[in-house]
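# Understanding the architecture of this molecule
The lines below spell out each chain.
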Amino acid sequence: MTVFLLQFTEEKLGQAEKTELDAHFENLLARADCTKNWTEKILRQTEVLLQPNPSARVEEFLYEKLDRKVPSRVTNGELLAQYMTEAANDFGPGTPYGKTLIKVGETQRRLGAAEREFIRSASINFLTPLRNFLEGDWRTISKERRILQNRRLDLDACKARLKKAKAAEAKAAAVPDFQETRPRNYVLSASASALWSDEVEKAEHELRLTQTEFDRQAEVTRLLLEGISSTHVNHLRCLHEFVESQTNYYAQCYQFMLDLQKQLGRFSGTFVGNTESASPAAAASPPAVAAATLQAVPTIPVVPTIVGVPNTVAEGVLNPNEVKPPASGTRRARVLYDYEAADSTELALLADEMITVYSLPGMDPDWLIGERGNQKGKVPVTYLELLS
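In this text the structure is predicted, and so the values were computed from the model without any measurement. Every chain begins its residue count from 1, and numbering advances along the sequence as written. A pLDDT threshold of at least 70 governs which residues receive local features in this predicted model, and a stricter bar of 80 or more applies before side-chain atom pairs are shown or counted, although totals over entire chains, interfaces and linings include all residues. Side-chain numbers here rest on the full set of heavy atoms in the structure, without hydrogens or water.

### Some points on the sheet that holds strand S3 (residues 367–372)
- In short, DSSP must find at least two bridges between two strands for them to pair. Numbering of helices and strands runs from the N terminus; a helix is a DSSP stretch of H or I covering at least four residues, while a strand is a stretch of E covering at least two. The sheet built from five strands is open, its strands ordered S4-S3-S2-S1-S5 with antiparallel pairing. The open sheet terminates on both sides in strands that have one partner only, identified here as strand S4 (375–380) and strand S5 (384–386). Taken over all neighbouring pairs, the strand axes of this sheet differ in orientation by 40 degrees on average, direction set aside.
- As paired elements, strand S1 (residues 331–335) and S5 share three bridges and run antiparallel to each other. Think of each axis as a best-fit line through the C-alpha atoms, taken over the contacting stretch in the case of a helix, with angles from 0 to 180 degrees between the N-to-C directions.

Below, the structure written as structure tokens:
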């Protein structure tokens, strides 16, 4: 150990030579370090994505280190669903607000369950392989690299020892002065030369052994470093699985919310009517309500009420054949999502199609009359992008 420290210190001070590895080996080392650093960062940030709560992450880490099962934790969506359901029971599940809370709570529960499944799938298919690399393959690589470093320091120390022995041998083997008046000096010089020759032979033997051990360790480390390519292939497959899990999760969330939007849109008119009838202040100020409605949809053309023609919208029954579009000022709209008609008064929609829309007097502001050729019916505003 003392020899290693001395050699390492002299290298840092520029007082000793260092055995350099070939360029390919250096590239393998650099790629391995890069892989390790980025894998750690991706792993940590993915854990933050799946579990934003730092305290929960610490708790899960401790359970994993103790080799104990992580307790099941309620997701935020499931907790929100629980609160909404309890609130609906207090407010009355038969009231418009209570019904809506139940509908939204059920969707939040489904979203929470989908999130739980996504976290489980991402942890198994993506996080676990990354951890296995850092805690398995990378530890093995690091161990063999440390051994190689020690072999390299030992090799350089042997080279330095041989160099010094050869220099001393050369100095001792210099031609003596036969005219020396003291022959004893000549005898001592010859003895020193023989001693240094033995030292050189010993240093050369140690150097050969050390070189063999270094070459063997370098080959072992090289094979492990070249295995990083297989690690990249494995992580690439895991990344595809992570993206697929995330895609399925967001697709489920989108479908859940789309279904909820349809459900709420079908009885939103009933809720609006009940709210207006239950609110004396709103019923007492119809001009203010009308002004607010006109401000909400200022450019939607309204079919005028004709004397003698029953207001079919106010009665809750829409006969498309009796509805006539305004003479001018109808608007074009692009459909954002598919919509399935609930009854014969509604118009089914297909995403990205273009339709003509307008409003009727007394009509729920969340709905418009849509026309597509000879087809006509009510359509929800939230499914449309109104064009100028």
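### Side note on the packing of helix H4 (residues 76–91) against helix H5 (residues 96–172)
- Contact geometry for H4 and H5: axes closest at 7 Å, N-to-C directions at 165 degrees. Judged by the angle between their axes, H4 and H5 are roughly antiparallel. The handedness of the crossing between H4 and H5 comes out as left-handed. Contacts between H4 and H5 involve Gly 77, Glu 78, Leu 80, Ala 81, Met 84, Ala 87, Ala 88 and Phe 91 from the first element and Tyr 97, Gly 98, Leu 101, Ile 102, Val 104, Gly 105, Gln 108, Arg 109, Gly 112, Ala 113 and Arg 116 from the second.
- Any residue outside Ala, Val, Leu, Ile, Met, Phe, Trp, Tyr, Cys, Pro, Asp, Glu, Lys and Arg is labelled polar, Gly included; the first ten of those are nonpolar and the last four are charged. Class assignment of the residues belonging to the contact of H4 with H5 gives a composition of eleven nonpolar, five polar and three charged. The cut-offs work like this: below 35 degrees is roughly parallel, past 145 is roughly antiparallel, 65 to 115 is roughly perpendicular, and the gaps in between are oblique. Here a crossing is called left-handed whenever its near helix is offset anticlockwise from the far helix by less than a right angle, and right-handed whenever the offset is clockwise. Residue contacts follow a heavy-atom distance rule, with two residues in contact if any of their heavy atoms lie within 4.5 Å.

### Side note on H5
- To estimate the expected span of a helix, subtract one from its residue number and multiply by 1.5 Å. Taking 1.5 Å as the rise per residue, H5 with 77 residues should run 114 Å; its terminal C-alpha atoms sit 108 Å apart, in good agreement.
- The quantity called bend is, for any residue, the angle between two axes fitted respectively to the seven residues ending at it and the seven beginning at it. Where H5 bends most, the angle comes to about 40 degrees, and this point is Ser 123.

### Quick word on the packing of helix H2 (residues 23–50) against H5
- Packing of H2 against H5 leaves a shortest axis separation of 10 Å and a crossing angle of 150 degrees. The angle between the axes of H2 and H5 places the two elements in the roughly antiparallel class. Along this stretch, H2 crosses H5, giving a crossing that reads as left-handed.
- Looking at the contact of H2 with H5 residue by residue, the classes come out as 16 nonpolar, three polar and six charged.

### Section: the packing of aromatic side chains
- The rule is short: rings of Phe, Tyr and Trp, with Trp giving its six-membered ring, pair when the centres are within 6.5 Å, and they are stacked under 30 degrees, edge-to-face over 60, tilted in between. With the rule as written, the count across this model stands at ten aromatic pairs.
- Plain terms: the ring middles of Phe 133 and Trp 138 are 6.4 Å apart, the flat faces sit at 50 degrees to each other, and that makes the pair tilted.
- Here's how the labels work: a residue is buried when its accessible area is under 20% of the maximum for its type, exposed when over 50%, partly exposed in between, all with a 1.4 Å probe on protein chains only. Assessed through its relative accessible area of 3%, Phe 133 is described here as buried.
- The class for Trp 138 is buried, based on a relative accessible area of 10%.
- Where Tyr 249 meets Tyr 250, the ring centres are 5.1 Å apart and the plane angle is 50 degrees; that geometry is what we call tilted.
- On the accessibility criterion, Tyr 249 (14% relative accessible area) is buried.
- Taken together, the ring pairs in this structure connect Phe 118, Phe 126, Phe 242, Tyr 249 and Tyr 250 into an aromatic cluster.
- Cation placement over rings: the criterion is NZ of Lys or CZ of Arg within 6 Å of the ring centroid and within 35° of the ring normal. One cation-aromatic arrangement involves Lys 41 over Trp 38; the distance from NZ or CZ to the ring centre is 4.5 Å.

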